[in-house]
Amino acid sequence: MSGPDRLFGASTPSAELLLSDVRVLDPRAEVDARRDVRITGGAIAEFAEPGTLQAREDEETIAGNGRLTLTPAFFDPHVHLRTPGQEHKEDIESGTRAAAAGGFAGVIAMPNTDPVLDSAPLLRSLRDAAIHQARIPVGFLPAITRGLAGEQLTEMAELRQEGALGFSDDGKPVTSAGMLRKALQYQRLCGGVLALHEEDPTLSRKGAMNEGAVSAALGIAGIPTVAESTMVARDAALAGYEDARVHFQHLSCAASVEALEHGKAHGWRLSGEVSPHHLLLTDEDVRSMDTRMKMHPPLTSEDDRQALIAGLRSGTIDCVATDHAPHARDEKEVPFEQAPMGTTGLETAFAALHTGLVLSGIIELPLLIERMTAGAALFELPTALIAAGEPANLALIDLDAVWVAGEHGWESRSENCCFAGRRLQGRVLMTLAAGGVVHRDRALTLVGA
Amino acid sequence: MNHLLSIEDLDREAIERIIAQAERFSEVSDREIKKVPALRGRMVLNLFYEASTRTRSSFELAAKRLSADVVNFAASGSSVEKGESLKDTVLTLSAHKPDAIVLRTPWAGAAELVSKWCSAAIVNAGDGKHEHPTQALLDVYTLRRRLGQIDGASIWIVGDVAHSRVARSNVLAFQRMGAKVTIAGPPTLIPRGIEQLGCEVRYTLDELPSADIVYALRMQHERMSETWVPSMREYAAWYQINARRLTARQILMHPGPVNRGVELSGEVVDSPQAVITAQVEAGVVVRMAVLYELLAGAREPRPAADRPADRSTMAETSVLGGSPSR
């Protein structure tokens, strides 16, 4: 791709690695077979039948013994790294370390920081920070509107020149249709995907959870799912009218999936993402008023959850995104209605979805891998591929490893994970990003021995 | 029973036990010296984050009649206004080693949360729009005194259900005691999904004559940040309980304080059907029974359950998901 770089990370030494007898699983490369894989100079160099490649002196060998699975590393188009301004929750270093631990080789950071990422100087300083601190490559989505106020466009063209992947007011909707239309039109000049947090604030009001039987029983103000779905329908139509490229963030309900499906059937240039928590949890999990279950959009009903799974399976929803949203312990140790919205998700995404959807027979593993890697292409970035000559962006996974989320703490600075305490199966043992080893699980030495 | 957090935690037997104890305490109220030494040396802390005169004084009176020491801590004018968190306030006050904390907050679930932070018995005196269990218990007590049993009785709860913690606790408590509950009010003030508590929902008072008991809720002006009904005048026209709507055989209840001319007309407040002052009276004896139930048996200091430090490594729950897709 010509033009400025759009992903930024610290350089890591190029990996020299022999992975012997691992199951290589890459649905895009149409491979699912036991192989020896050699990584030389940070690139995938060689494939061979298991047990046939001999270790060289200058490379590390990891013996899979047929029990470890090698997949393309995941890509998360929606994380909150909290830099600048909220480094007590997370920073670029800790957030990307958490991502690497989850098997991700790329993430896209949201702009709702303090100050908001809405100017080129700030973007330049974040790029610099990422080049020094980011363990895996990070892309940035600056704000659509200045200060996320929904009133004035940011200098989108300059921001694109400085490496913006696209734009988002995530955390807030672009409430005014007229304002959003201007951004969609301006996209013809500057390019870049417009990623939308969909919420009609006159419907969501002061709601703290999904509207339904649980909110009625708890006496907590509810957010109706139509607060999201009516905005998805509106903005899909606007994108169609302006022939703009729009990505819908963290879809949470059946009606939104229908609206996206409808828009795609028209040929409009739309895509969508869904989070692991919306695929695995429902508002019944809020009954305990555990603040880790409070996020935006809120956990919805079982019918909505099933529609999201169906949408992910059919491809109406293109990819998984964690919406990793760290908050400090004391910020979450308050009554439910007072707590900030958000759950962390990078370190548990694959294991939770593998446990909840693959092992229970709801979706197949290759499809999960596809949906956890598809986010990159949506933002015009190359997709990780397991093929000779490709840079090593890989996740080495023990699909049989059972662990309790959080039992050994977290790489993230925050611990507000909605899956904490759950038994999960499947653990990322090693992650390679941009040719370097960026994560190594403590269990790896035992497996490799 | 370690805490009173929600009516959901009480089965019928527990409610009967508290009511029977309240009956016994009601004799105390009629004595010349209205005091028993049951909780002498115990400390009850009233921690109120919302303005409340009647509930707080009712608890205070109840504790004093049991000879407990009472400390009142109002959030206004205190460290809370300087930004202290609920947790820090509770931990600070816990240093005084209260045996019970009576807690009112504007936040659902706060009482349950506090019960995990300290070793005192927690009495929920209202948590946001969630629950107000002692109100429900005193309402059951009032009805039992008046009617004997309420099994099979039809109880209509009328008005602003959405903003009412009383409504939620009472739907649960009345149903536990065998009554059939209908809630009625303007559609904007009936939360979607409330029928899953097991009650009927009506948007008019057309069938109100079928009710044995009419429980009017206060229109919560102070809780309403926006317009839910076109006007108080229109609300009164459709939902006010007045002499035209209330029949002679019905019992009228209200948790107070009454907005005369809004949810109730003046004449029904003063009618023989109204048991509103009996409810206030019942408040003291029922709260005595609750405090007695929580504190009289407990001699050992309670272990502080579920310390926050354990939260990230909470006992493992089941494997995720598991339900097959459709």
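Each chain carries its own residue numbering, running from 1 in the direction its sequence is written. Labels follow written order: the first chain is A, the first ligand is 1, and so on. In keeping with the predicted nature of the model, local features appear solely for residues at pLDDT of at least 70, side-chain atom pairs appear and are counted solely at 80 or more, and the whole-chain, interface and lining totals rest on all residues. Side-chain numbers come from the whole structure's heavy atoms, not from hydrogens or water.

### Some details on the confidence of the model for chain B
Reading fine detail from the predicted coordinates is not recommended where pLDDT is low. Residue and element names in this part refer to chain B. Every residue is assigned a pLDDT by the predictor, reflecting its confidence on a scale from 0 to 100. Per-residue confidence for chain B gives a mean pLDDT of 89, with 88% of residues at or over 70. Every residue in residues 300–319 scores below 50 in pLDDT, and together they form 43 contacts with partners more than four places removed in sequence or on other chains. A contact between two residues is defined here by any heavy atoms of the two lying within 4.5 Å. Under a pLDDT of 50 for its full length, residues 321–326 has, in the predicted model, 13 contacts with residues more than four places off or in other chains. What the predictor reports for the complex is a pTM of 0.93 with an ipTM of 0.89.

### A few points about the sheet that holds strand β9 (residues 166–168) of chain A
Residues and elements named next belong to chain A. Taken together, five strands build an open sheet; the order of strands is β9-β10-β13-β14-β15 and the sheet is parallel. Strands at the two margins of the open sheet, each flanked by one partner only, are β9 and β15 (319–320). One bridge is not enough; two strands pair if DSSP finds at least two bridges between them. A helix here means a DSSP run of H or I that spans at least four residues, while a strand means a run of E at least two residues long, and both kinds are numbered starting from the N terminus. When strand β13 (residues 246–248) meets strand β14 (residues 270–274), the two strands line up parallel, connected through three bridges. In the sheet register, F248 faces β14, and the bridge partner there is G272. The strands touched by helix α7 (residues 226–242) within the sheet are β10 (193–196), β13 and β14, with β13 carrying the most contacts at an inclination of about 165 degrees. Interaxial angle, 0 to 180 degrees, is taken between N-to-C directions of lines fitted to C-alpha atoms, where a helix line uses only the stretch in contact.

### As for the packing of helix α1 (residues 12–30) of chain B against helix α9 (residues 276–295) of chain B
Residues and elements named next belong to chain B. Where α1 contacts α9, the axes come no closer than 8 Å and their chain directions differ by 120 degrees. Here α1 lies oblique to α9, going by the angle between them. Crossing of α1 over α9 shows right-handed handedness. Every residue of α9 that contacts α1 at R17, I18, Q21, A22, F25, S26 and S29 is listed here: V285, V286, M288, A289, V290, Y292 and E293. The nonpolar class holds Ala, Val, Leu, Ile, Met, Phe, Trp, Tyr, Cys and Pro. Asp, Glu, Lys and Arg form the charged class, and all remaining residues, Gly among them, are polar. A per-class count over the contact of α1 with α9 returns nine nonpolar, three polar and two charged. An angle counts as roughly parallel when it lies under 35 degrees, as roughly antiparallel when it exceeds 145, as roughly perpendicular when it falls between 65 and 115, and as oblique in every other case. The hand of a helix crossing depends on one turn: near helix anticlockwise from the far one by less than a right angle means left-handed, and clockwise means right-handed.

### Comments concerning the domain arrangement of chain A
All names here are of chain A. Domain boundaries shown here were taken from an automatic or database domain assignment. The domains assigned to chain A are domain 1 (3–70 + 388–411 + 426–446) and domain 2 (73–378). Computed over C-alpha atoms only, the centres of domain 1 and domain 2 are separated by 28 Å. Listed per partner, the contact involves 28 residues of domain 1 and 40 residues of domain 2. The quantity reported as buried area is the accessible area (1.4 Å probe) lost by two parts once they are put together, taken as the sum for both. Together domain 1 and domain 2 conceal approximately 2800 Å² of surface at their shared face, both sides included; 65% is due to carbon and sulfur atoms.

### Observations concerning the sheet that holds strand β6 (residues 74–79) of chain A
All names here are of chain A. With parallel pairing, the three strands of this open sheet are ordered in space as β6-β7-β8. Looking at which strands have only one partner, the edges of the open sheet turn out to be β6 and β8 (138–140). Pairwise comparison of adjacent strand axes, ignoring direction, gives a mean angle of 20 degrees for this sheet. Where strand β7 (residues 104–109) lies against β8, three bridges are found, and the strand directions are parallel. Each bridged residue has a counterpart across the sheet, and for V107 the counterpart in β8 is V138. Lying over the sheet, helix α13 (residues 365–373) contacts β6 and β7, oriented at roughly 50 degrees with respect to β6.

### Description of the packing of helix α5 (residues 133–147) of chain B against helix α6 (residues 165–176) of chain B
Residues and elements named next belong to chain B. Put simply, α5 and α6 touch, their axes get as near as 8 Å, and they point 50 degrees apart. Taken together, the axis directions place α5 and α6 in an arrangement best described as oblique. Judged by the twist between their axes, the crossing of α5 over α6 is right-handed. Facing α5, whose interface residues are P133, Q135, A136, D139, V140 and L143, α6 presents V166, S169, N170, A173 and F174. In terms of residue class, the contact of α5 with α6 is built from seven nonpolar, three polar and one charged.

### Topic: the pattern of salt bridges
Residue and element names in this part refer to chain A. Counted as salt bridges are all cases of a side-chain nitrogen of Lys or Arg within 4 Å of a carboxyl oxygen of Asp or Glu. Under the definition given, this model contains 41 salt bridges over all chains. R34 is the partner of D21 in a salt bridge, and the nearest nitrogen-oxygen pair spans 2.9 Å. Of this pair, D21 sits in strand β1 (residues 17–26) while R34 sits in strand β2 (residues 31–40), and the two are 13 residues apart along the sequence. A cluster of three or more residues bridged by salt bridges with shared partners is formed by E93, R97, R135 and E411.

### Overview of helix α1 (residues 92–101) of chain A
Residues and elements named next belong to chain A. The rule is simple: take the accessible area with a 1.4 Å probe, protein chains only, and divide by the maximum for that residue type; under 20% is buried, over 50% is exposed, in between is partly exposed. Extensive coverage of α1 is indicated by the burial of eight of its ten residues. Check the buried side of α1 and you find it contacts β7, α2 (120–133), β8, β17 (423–433) and β18 (436–440). Nitrogen and oxygen atoms within 3.5 Å of one another constitute a polar contact, given that in protein one can donate a hydrogen and the other can accept it, and given that sequence-neighbouring residues count only through two side-chain atoms. Two to three positions downstream of the cap, the backbone nitrogen of E93 sits 3.1 Å from a side-chain oxygen, assigning the N-cap of α1 to D91.

### Some words on the packing of aromatic side chains
Paired rings are identified among Phe, Tyr and Trp, the last through its six-membered ring, by centres lying within 6.5 Å, and are further divided according to the angle between planes into stacked (under 30 degrees), edge-to-face (over 60) and tilted (the rest). Under the definition given, this model contains seven aromatic pairs over all chains. Centre to centre, the rings of F74(A) and F350(A) are 5.4 Å apart; their planes meet at 15 degrees, and the pair counts as stacked. Placement of the pair is F74(A) in strand β6 and F350(A) in helix α12 (residues 349–358), with a sequence separation of 276 residues. Here F74(A) matches F350(A) in class, with each residue buried. With 5.4 Å between their ring centres and 80 degrees between their planes, F25(B) and Y292(B) make a pair best called edge-to-face. Of the two residues, F25(B) sits in helix α1 while Y292(B) sits in helix α9, which places them 267 residues apart along the sequence. Residue class for Y292(B) comes out partly exposed when judged on its relative accessible area of 29%. Through a chain of ring-to-ring contacts, three or more aromatic side chains come together here, namely F74(A), F104(A) and F350(A). Whether a charge sits over a ring comes down to the Lys NZ or Arg CZ being within 6 Å of the ring centre and within 35 degrees of the ring normal. Lying across the ring of F336(A), K294(A) places its NZ or CZ 5.6 Å from the centre. A cation over an aromatic ring shows up here: R427(A) above the ring of W403(A), its NZ or CZ 4.3 Å from the ring centre.

### Thoughts on the domain arrangement of chain B
Quite often, the size of an interface is put as the accessible area lost when its parts meet. All names here are of chain B. Considered domain by domain, chain B is made up of domain 1 (7–132 + 283–314) and domain 2 (133–279). In this structure, domain 1 and domain 2 have C-alpha centres spaced 26 Å apart. Listed per partner, the contact involves 31 residues of domain 1 and 29 residues of domain 2. Summed over both partners, the interface of domain 1 with domain 2 buries about 2500 Å², with 59% contributed by carbon and sulfur atoms. Across the contact surface, domain 1 and domain 2 share four salt bridges. E16 is the salt-bridge partner of R144, the closest N and O atoms lying 2.9 Å from each other.

### Here we look at helix α4 (residues 177–190) of chain A
Residue and element names in this part refer to chain A. In this analysis, the expected span of each helix is defined as 1.5 Å times one less than the number of residues it contains. Between its terminal C-alpha atoms α4 stretches 20 Å, which fits the 20 Å expected from 14 residues at 1.5 Å a residue. Among the residues making up α4, those that are buried are M179, L180, A183, L184, Q187 and C190. Angularly, the buried residues of α4 cover 140 degrees about the axis, an arc narrow enough to put them on a single face. Exposed and oriented more than 90 degrees from the buried face of α4 are R188 and L189. Those residues of α4 hidden inside the fold are in contact with α3 (156–161), β9, β10, α7 and β13. For α4, the capping residue at the N-terminal end is S176, with a side-chain oxygen 3.3 Å from the backbone nitrogen of G178. Where α4 ends, the next residue or the one after it, G191, has phi of about 70 degrees, a positive value. Taken from the helix axis, the directions to the C-beta atoms give the arc we talk about.

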